[in-house]
There are 2 protein chains.
Amino acid sequence: MTTDSVTSITTGPIRGSHKHHESVDGMSVPFRRVELSNGEHLDLYDTSGPYTDATPHTDLDGGLPRTRDTWTRPDPVDGASTQLAWARAGLVTPEMRYVAAREGVDVELVRSEVAAGRAVIPANHNHPESEPMIIGKAFAVKVNANIGNSAVTSSVAEEVEKMVWATRWGADTIMDLSTGDDIHLTREWIMRNSPVPVGTVPIYQALEKVKGDPTKLTWEIYRDTVIEQAEQGVDYMTVHAGVLLRYVPLAAHRVTGIVSRGGSIMAAWCLAHHRESFLYTHFDELCEIFRRYDITFSLGDGLRPGSIADANDEAQFAELRTLGELTGIAKSHGVQVMIEGPGHVPMHKIAENVRLEEEWCEEAPFYTLGPLATDIAPAYDHITSAIGAAMIAQAGTAMLCYVTPKEHLGLPNRDDVKVGVVTYKIAAHAADLAKGHPRAQERDDALSCARFEFRWNDQFNLALDPDTAVEYHDETLPAEPAKTAHFCSMCGPKFCSMRISADVRAFAEENDLRTQADIDAMLAREMDRKSDEFIASGKNVYLPIEPVG
Amino acid sequence: MTTDSVTSITTGPIRGSHKHHESVDGMSVPFRRVELSNGEHLDLYDTSGPYTDATPHTDLDGGLPRTRDTWTRPDPVDGASTQLAWARAGLVTPEMRYVAAREGVDVELVRSEVAAGRAVIPANHNHPESEPMIIGKAFAVKVNANIGNSAVTSSVAEEVEKMVWATRWGADTIMDLSTGDDIHLTREWIMRNSPVPVGTVPIYQALEKVKGDPTKLTWEIYRDTVIEQAEQGVDYMTVHAGVLLRYVPLAAHRVTGIVSRGGSIMAAWCLAHHRESFLYTHFDELCEIFRRYDITFSLGDGLRPGSIADANDEAQFAELRTLGELTGIAKSHGVQVMIEGPGHVPMHKIAENVRLEEEWCEEAPFYTLGPLATDIAPAYDHITSAIGAAMIAQAGTAMLCYVTPKEHLGLPNRDDVKVGVVTYKIAAHAADLAKGHPRAQERDDALSCARFEFRWNDQFNLALDPDTAVEYHDETLPAEPAKTAHFCSMCGPKFCSMRISADVRAFAEENDLRTQADIDAMLAREMDRKSDEFIASGKNVYLPIEPVG
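All figures in this text were calculated on a predicted structure; none of them were measured in a lab.

**Some points on the overall build of chain A**
Piece 1. A tally of helices and strands in chain A yields 21 helices and 13 strands.
Piece 2. In chain A, 72% of the contacts between residues at least 6 apart in sequence involve partners at least 24 apart.

Structure representation (structure tokens):
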């Protein structure tokens, strides 16, 4: 398998960039550096780990270096060795300094947001290979990609490659949703080789242990499964502890009932035994386990809507209130918490989801699946959900769970995973722009400036997906010179609005025009000479880059 | 060319649907009828024309039937034979009745919105082949697709097929942006065979007549070009009459200057001659021409931002104020008007565009290009712009100009056109849902209900793109039986949240549970029997359709 894995994973720098490490308090913080043809460069947030180094990591058997083991963390606070406990005690951890450097913010902002429970740093002590990252609305919006083999569809090696591939394109965390056999082994390989935090849904593996019959589940089986995964280093776990017995019938009259797998498992158990969910009744014990490893709760929305018709209904919000109650309990144990959200929500009902989550759940980081803004486009649900994702992130959601084009239809392949991740990076970045995140607009401006100045390769290299940008460009203008040409494929070398804009700029500078007043003054003056000059200079102008209207 | 054309156009019904005609006051109004396996059916708005009839139109030489010539329109009002003049006079035209039936609204709503100038019905008297449609915020959001050959890249036949192909997937109007040779011939073929309104940018052809040198343009050359196109039946024309001499220098200090082709042409002319734009100084004469044919103005935003950095700046809004002034003049001539908008706008600046357009332009229908919500994803700009498009449409934009994956990089091919149209139908529909358009949610609910009941073929057939939905499904579960299976490809036949939901529903009905009170009452009762029953019935449950969390 080793050889297979090694040969199957994707390594090496992303087109037009190279890994740049910044030394911060003895820690090495990675960035993706794009060198521009005008001598400048831009350092981008990098989630891809050592796989994109000049000399990439390929030893999957050995796993990634256990870097965090060499960092000195503070002593436990009241028995708790969690980022939350330390932050509350005013203590700054190496992880906090690391993420502050990555985000380009002051470390005190990191500490105070974690202390307030408005941000989490998912970092299980047993996952020392991970490069710390932060999830919270004061920071860049993050993206999660789901992987995981479901019986016979993929090998362990394929899953590791999916993880490497997803993080290459920008996934900030990975969720391993494996079912069927080899769950433990698959997860072990992913943990040891993942540079990003890994999340799981322990109830899936617990269900395997009872051969798929949810009514056979017990607290003991679930607890042991959580401990098994905690020991492996899982950084955050989805727990559907808000699906209470009395909420289940609220889903009965929905158009699409219960669509969450974990939610339906717990609903089945509650109805079968007619008892309250063991996840709810044993929540304190669960907190004790999570605290020991500093595992972060991702409180699952088992009753999330599965269609536009069911959005923001009684079942969904009843569960959300309970998630708020559980948030308080978890934090009282010093355990970090985030809250999962929908799903399928029409645009006019999106903001309410964030407002109620913040009000009822102490502003714990919100982690949503899309939401899809319409149900009518299967095969395009990465797009229907990117619309909802961008809007809900603008409203305050801290992390977005990606959706691939195969959602509702089939299992995502390698291309689907890339399209899903890139689409969600678009939604996350659009929200960062709207929220005024310090580093967000730098990249837009750098790319637009390159576009305006016909620095084609800079434009490609600054893109979320340089490979596809080049490929599309070359379909129309394959020749290498075209990548330096002062015109674009839209209209050819005859006329160009960009060139005219350059003339306008020269004209304005020539006449020192900065305000409407300057312009009006100039208009008053006699201008025939300049007019003639312009005609003389304006002979060779080309066609435009955006030929619409 | 004929044979070529005939063989090259795409005809026949869209998968799982057939053309259904409704007779309205002697007019035949087309719908796309989807027959469902549960005996119900859904009629969808249909833009595809006779090309999707059981016996499709293929005679491109003969063109489409000149249906509207047989309709009786009211006499001119004060010399004006325009939908606006008639609507103001309280007169209802066949076109108004036709669009009311298509939209499923009262004809008086149509007449009053047109009379108020809040909606337009682009219908040149010389384009009798078109199926009338309405553009206004009180109606379904519309989508435009741009086609047009740019020298040597495509033949006339290819352009006609692009038009047929784009309307097949839902384009409500087409803009012919052809440049280079054969402009007149290409347009003639498109006009005679287009079932949707056609728009153009006359300045493009005028520029060809002066060999691409904008400084050589004159009012006379432009006027004659407009008349030439008006005679052919062009339904709406983009006119960049708001690019005034004194606004041009405002673009000098932008990151991306002037990106509108028409805008840059007029800017070059204004600077070269140092005179006011002839489009502005001759606007009254232009109105007289438009009135004669009932051509609708699409007042172009020549100074729209070409990057996030330039959004909502002084140049853009200065031009918008002038478009408002021109709106008043056009309407005083009885001419219909819509206003073009950006472009590139970050999410938090989108709403202001609609607010100012409505305030300054008398709520004339807004027609925007996207906008792109970020600049960093060339090759995915159909997605970056779908986010902005959905939001700006929710805020009141009446028509969206599509963007394809090739935007900024190259010329869209057939696949790009389809992806662009489907992506924009998603944005438009998401906005219709958010605005509560009467017919919008019907389709979402029908599809979600089919999904919940495992009516796979109904789910595919109700999708915006049934072909791709089926293709993706078959990649994982090719077998025909899988299309009727009571489980999905996500997890196989073992366990399914949908099935559990059905159990929950049965359970609730069995116990007559409708409110939380009913539920609490039941919980008080002794339930072991039902519990046992459920265990007995709960044995064969499957895996879920949305395996996330």
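Having seen the structure, we can now continue with the description.
**Focus: the sheet that holds strand E1 (residues 17-24) of chain A**
All names here are of chain A.
Piece 1. Taken in spatial order, the three strands make up an open sheet running E1-E2-E3, and their pairing is antiparallel. The sheet terminates laterally at E1 and strand E3 (41-45), the two strands that pair on one side only. Looking at each pair of strands side by side, their axes are set apart by 40 degrees on average, direction ignored.
Piece 2. Of the strand pairs in this sheet, strand E2 (residues 27-35) and E3 are connected by five bridges, and their pairing is antiparallel. In the sheet register, arginine 32 faces E3, and the bridge partner there is leucine 44.
Piece 3. The strands touched by helix H3 (residues 94-103) are E1, E2 and E3; relative to E2, the strand with the most contacts, the crossing angle is about 10 degrees.

**Focus on the UniProt feature "domain: ThiC-associated" (unreviewed entry) in chain A**
Piece 1. The feature "domain: ThiC-associated" (unreviewed entry), as annotated in UniProt, sits at residues 23-72 of chain A in this numbering.
Piece 2. Along residues 23-72 of chain A, the helical share is 0% and the strand share 32%, with 16 Å between the first and last C-alpha atoms.

**Side note on the interface of chain A and chain B**
Piece 1. Taken together, the contacts link 137 residues of chain A with 137 residues of chain B.
Piece 2. When the two sides are added together, the surface that chain A and chain B hide from each other amounts to roughly 11,700 Å², 65% of it contributed by carbon and sulfur.
Piece 3. Seen at the junction of chain A and chain B, the total is two salt bridges.
Piece 4. Two residues, Lys406(A) and Glu475(B), come together in a salt bridge whose shortest N-O distance is 2.7 Å.
Piece 5. When residues of the side of chain A that touches chain B are assigned to their parent elements, the largest contribution, ten residues, is made by helix H15 (residues 414-435) of chain A.
Piece 6. The residue inventory of the side of chain A that touches chain B, partitioned by class, reads 73 nonpolar, 37 polar and 27 charged.

**Focus on the side chain of Ser178(B)**
All names here are of chain B.
Piece 1. Along the chain, serine 178 falls in the loop between strand E7 (173-176) and helix H6 (183-193).
Piece 2. Its relative accessible area of 4% is what places serine 178 among the buried residues.
Piece 3. In this structure the side chain of serine 178 is engaged in a polar contact, spanning 2.5 Å, whose partner is the side chain of aspartate 176.

**Here's the deal with the relation of the copies chain A and chain B**
Piece 1. If you rotate chain A by 180 degrees and push it 0.0 Å along the axis, it lands on chain B with an RMSD of 0.0 Å. The transformation relating the two chain copies, once decomposed into turn and shift, fits a two-fold axis. It is Ile387(A) whose C-alpha, among those of chain A, lies nearest the rotation axis, at 2.4 Å.
Piece 2. Taken as a fraction of all interface residues of chain A, those also at the interface in chain B reach 100%, which identifies the copy contact as same-surface.

So, how was this worked out
- Residues numbered from 1 in each chain as written.
- Chains lettered and ligands numbered in written order.
- Predicted model: local features only at pLDDT ≥ 70, side-chain atom pairs only at ≥ 80, totals over all residues.
- Heavy atoms only, no water.
- Helix = DSSP H or I, 4+ residues; strand = E, 2+ residues; numbered from the N terminus.
- Contact = heavy atoms within 4.5 Å.
- Pairing = 2+ DSSP bridges.
- Axes fitted to C-alpha atoms, helices over the stretch in contact; angles between N-to-C directions.
- UniProt positions renumbered as here; feature names shortened; annotations may be inferred.
- Buried area = accessible area lost by both parts, 1.4 Å probe.
- Salt bridge = Lys/Arg side-chain N within 4 Å of Asp/Glu carboxyl O.
- Nonpolar A, V, L, I, M, F, W, Y, C, P; charged D, E, K, R; others polar.
- Buried < 20%, exposed > 50% of the residue type's maximum accessible area, 1.4 Å probe, protein only.
- Polar contact = N/O pair within 3.5 Å; in protein donor to acceptor, adjacent residues only side chain to side chain.
- Least-squares fit on C-alpha atoms with pLDDT ≥ 70 in both.

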